[in-house]
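Summary of the model geometry
So you can see what is in the structure, the chains are spelled out below.
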Amino acid sequence: MNTKFSLGLLSIAICLAGCASHPVSQLHVVSNYFTTGENVVKGVRTPATAFTSKDVVVYVVDLQWDNANEGFGGHNITFNWYNGTKLVSTFHHGVSFDESPVELPNLKPASSLGAGHFKVELLIDKTLIASKEFDINQ
């Protein structure tokens with residue numbers, strides 16, 4: 001067998017073994033909250049449940065898994081934003097869970113959502129992990 005080919009197969013095997021994903025049922029939500037973009041810039045974690053149209057709404061989910069010394073692998077995350085029961089925005093992204101705990105933020109300008117009662121869901125590999133509700137007042 002060709003040496004370069006053998007090394008290539010070995011590299012792929014090592015990556016597959018080290019990059020293996022764990023089932024999302026092994027993830028634990030440490031916290032999930034809303035805050036403002038202004039708070040994020042200041043580096044403070046002040047929770048909020050009501051916003052004005054001038055705010056940036058930031059949804060943060062902190063996750064951990066049992067063996068913090070090993071990575072949790074790659075997973076697909078989805079944030080779904082709802083106005084009442086109507087889906088108004090979706091964000092998909094692939095994430096490598098290298099260290100525990102992990103912070104997953106997602107944000108929307110409140111002005112892009114309008115006034116009303118909203119809910120955001122975090123799904124990982126199509127499994128609901130966390131959700132929270134908030135209001136935007138004009």
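Below is a summary of the structure that appears in this document.

Scoring rules and cut-offs
Residues numbered from 1 in each chain as written. Predicted model: local features only at pLDDT ≥ 70, side-chain atom pairs only at ≥ 80, totals over all residues. Heavy atoms only, no water. Helix = DSSP H or I, 4+ residues; strand = E, 2+ residues; numbered from the N terminus. Buried < 20%, exposed > 50% of the residue type's maximum accessible area, 1.4 Å probe, protein only. Contact = heavy atoms within 4.5 Å. Areas by Shrake-Rupley, 256 points an atom, 1.4 Å probe, with all protein chains shown as cover. Pairing = 2+ DSSP bridges. Axes fitted to C-alpha atoms, helices over the stretch in contact; angles between N-to-C directions. Polar contact = N/O pair within 3.5 Å; in protein donor to acceptor, adjacent residues only side chain to side chain.

1. Some words on the overall build of the protein chain
- Within the protein chain, the secondary structure is distributed over three helices and eight strands.
- Seen in sequence order, the protein chain has helices and strands lined up from the N terminus as α-β-α-β-β-β-β-β-α-β-β.
- Buried positions account for 35% of the 138 residues belonging to the protein chain.
- Excluding contacts between residues fewer than 6 apart, the proportion of contacts in the protein chain whose partners are at least 24 apart in sequence is 65%.
- By element, 56% of the accessible surface of the protein chain is carried by carbon and sulfur atoms, the whole surface being about 8200 Å².

2. What about the sheet that holds strand β3 (residues 56-65)?
- Strand order in this open sheet of three strands is β1-β3-β6, and the pairing throughout is antiparallel. In this open sheet, the two edge strands, each paired with only one partner strand, are β1 (27-36) and β6 (102-109). Going across the sheet, the axis of each strand differs from the next one's by a mean of 15°, ignoring polarity.

3. Notes on the environment of Ser96
- Along the polypeptide, Ser96 turns up in strand β5 (residues 86-97).
- Taking the C-alpha atoms as reference points, Ser96 and Asn76, separated by 20 residues in sequence, lie 8.8 Å from one another.
- If sequence neighbours within four positions are ignored, Ser96 has contacts with Gly73 and Gly74.
- A polar atom in the side chain of Ser96 sits 2.7 Å from the side chain of Asp98.

4. Observations concerning the pairing of β5
- Note that strand β4 (residues 73-83) and β5 share 11 bridges and pair antiparallel. Bridged to Asn83 within β5 is Lys86.
- The turn joining β4 and β5, which pair antiparallel and follow one another in sequence, is formed by two residues; a positive phi near 65° is taken by Gly84.

5. Structural notes on unusual backbone geometry
- Cis geometry marks the peptide bond from Ser100 to Pro101, where omega comes out at 0°.
- Among the secondary structure elements, Pro101 is positioned in the loop between β5 and β6.
- Backbone geometry places Asp125, a non-glycine residue, at a positive phi of 50°.
- Its identity is not glycine, yet Lys126 carries a phi of approximately 70°, on the positive side.
- Locating Lys126 in the fold gives a position in the loop between β7 (116-124) and β8 (127-137).

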